[in-house]
Amino acid sequence: MTRTATRRDTIALLTGVGLIVLPLVGAAFKILWPGWMLVVILFVSPVLLIGYGLQVAIAASGFLSARAVLRDGERRRPALWAAWLTAIGVVAVGLFFVDGGDSSWGSAFMYIVGAESDDGVADVSNVLAWVGAIAWIGGWVWLVVEWIRALIRRRRG
């Protein structure tokens, strides 16, 4: 195996693992620093679980399996971008989403840096959470499209 092929396989492996693990990291931020939004998340959890399940399937068949459809080919680079965009986006949402509580309010980030209930830090955290949400959802949709295209190409070829 050439050095380039080994590097490509390593990148694909890291991407597949990132797609599986990083959403759990984002969820951990929300669970470790909960607020009332955690109750709302419970109501939409079936949708989130279906999306995560599809993401795990994409990670397995797209990047981790021996016949991974997104590991090689012309759509490899866009699929990698989409995968990392969604994986990092969900972590950003979990880290920066400002949520209210009974005694104080803030995001996981605000609690980590000791700035809970600070309006200025909350404004910055809100912007970063929105950027993360756009990256998460946009990257996820993009990744699903790339995966479907790769499956269709493989079936035709």
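Residues numbered from 1 in each chain as written. Predicted model: local features only at pLDDT ≥ 70, side-chain atom pairs only at ≥ 80, totals over all residues. Heavy atoms only, no water.

**Things to note about unusual backbone geometry**
Most peptide bonds take the trans form, and the phi angle of most residues other than glycine is negative.
Line of reasoning, step 1. Unusually for a residue other than glycine, Ser-117 sits at a positive phi of about 65 degrees.
Line of reasoning, step 2. Its location among the elements puts Ser-117 in the loop between helix 4 (108-112) and helix 5 (119-156).
Line of reasoning, step 3. By relative accessible area, Ser-117 is classed as partly exposed at 35%. (Helix = DSSP H or I, 4+ residues; strand = E, 2+ residues; numbered from the N terminus. Buried < 20%, exposed > 50% of the residue type's maximum accessible area, 1.4 Å probe, protein only.)

**Here we look at the nonpolar core**
Line of reasoning, step 1. With 15 residues, the main nonpolar core has Leu-19, Ile-58, Phe-63, Leu-70 and Leu-143 as its most contacted residues.
Line of reasoning, step 2. Those elements giving two or more residues to this core turn out to be helix 1 (3-32), helix 2 (37-64), helix 3 (76-96) and helix 5.
Line of reasoning, step 3. Excluding residues within four positions of it along the chain, Leu-70 makes contact with Ile-58, Gly-62, Phe-63, Arg-76, Ala-79, Leu-143, Glu-146, Trp-147 and Ala-150.
Line of reasoning, step 4. With eight residues, the next largest nonpolar core counts Val-90, Ala-92, Phe-96 and Ala-129 among its residues. (Core = buried A, V, L, I, M, F, W, Y, C linked by side-chain atoms within 4.5 Å. Contact = heavy atoms within 4.5 Å.)

**Focus on the confidence of the model for the protein chain**
Line of reasoning, step 1. Taken as a whole, the protein chain shows an average pLDDT of 90; of its residues, 94% reach a score of 70 or greater.
Line of reasoning, step 2. Of all the helices and strands in the protein chain, strand 1 (residues 99-100) carries the lowest mean pLDDT, 80, while helix 3 carries the highest, 96. (pLDDT = per-residue confidence, 0-100.)

**A short note on the side chain of Arg-76**
Line of reasoning, step 1. By the secondary structure assignment, Arg-76 is in helix 3.
Line of reasoning, step 2. A polar atom in the side chain of Arg-76 sits 2.6 Å from the backbone oxygen of Arg-71.
Line of reasoning, step 3. Those residues in contact with Arg-76 that lie beyond four places of it in its chain are Arg-8, Ile-11, Leu-70 and Arg-71. (Polar contact = N/O pair within 3.5 Å; in protein donor to acceptor, adjacent residues only side chain to side chain.)

**With respect to the layout of surface pockets**
Line of reasoning, step 1. Here the largest pocket defines a volume of roughly 930 Å³.
Line of reasoning, step 2. Elements with a minimum of two residues in the lining of the largest pocket: helix 1, helix 2, helix 3 and helix 5.
Line of reasoning, step 3. Counting residues per element, the lining of the largest pocket draws most heavily on helix 2, at 12 residues.
Line of reasoning, step 4. Each residue belonging to the lining of the largest pocket can be placed in one class, and the counts come to 22 nonpolar, five polar and one charged.
Line of reasoning, step 5. One number sums up the size of the second largest pocket: a volume of about 260 Å³. (1 Å grid on protein atoms, 1.4 Å probe; cavity = no way out; pocket = protein on both sides within 12 Å on 5 of 7 lines; lining within 4 Å. Points joined across faces, edges and corners; volume = space filled by probe spheres on them. Nonpolar A, V, L, I, M, F, W, Y, C, P; charged D, E, K, R; others polar.)

**What about helix 5?**
Line of reasoning, step 1. With 38 residues, helix 5 should reach 56 Å at 1.5 Å per residue; the first-to-last C-alpha distance of 55 Å fits that figure.
Line of reasoning, step 2. Among the residues making up helix 5, those that are buried are Ala-122, Ser-125, Ala-129, Gly-132, Ala-135, Gly-139, Leu-143, Val-144, Glu-146, Trp-147 and Ala-150. (Expected span 1.5 Å × (residues − 1).)

**Some remarks on the packing of helix 2 against helix 5**
Line of reasoning, step 1. Viewed as axis vectors pointing N to C, helix 2 and helix 5 meet at an angle of 45 degrees, and their least axial separation amounts to 11 Å. By the criterion of interaxial angle, the relationship of helix 2 to helix 5 is oblique. At the point where helix 2 passes helix 5, the crossing takes the left-handed sense. Facing helix 2, whose interface residues are Leu-48, Gly-51, Leu-54, Gln-55, Ile-58, Ser-61, Gly-62 and Phe-63, helix 5 presents Trp-136, Trp-140, Leu-143, Val-144 and Trp-147.
Line of reasoning, step 2. Looking at the contact of helix 2 with helix 5 residue by residue, the class counts come to nine nonpolar, four polar and no charged. (Axes fitted to C-alpha atoms, helices over the stretch in contact; angles between N-to-C directions. Parallel < 35°, antiparallel > 145°, perpendicular 65-115°, else oblique. Left-handed = near helix turned anticlockwise from the far one by under 90°.)

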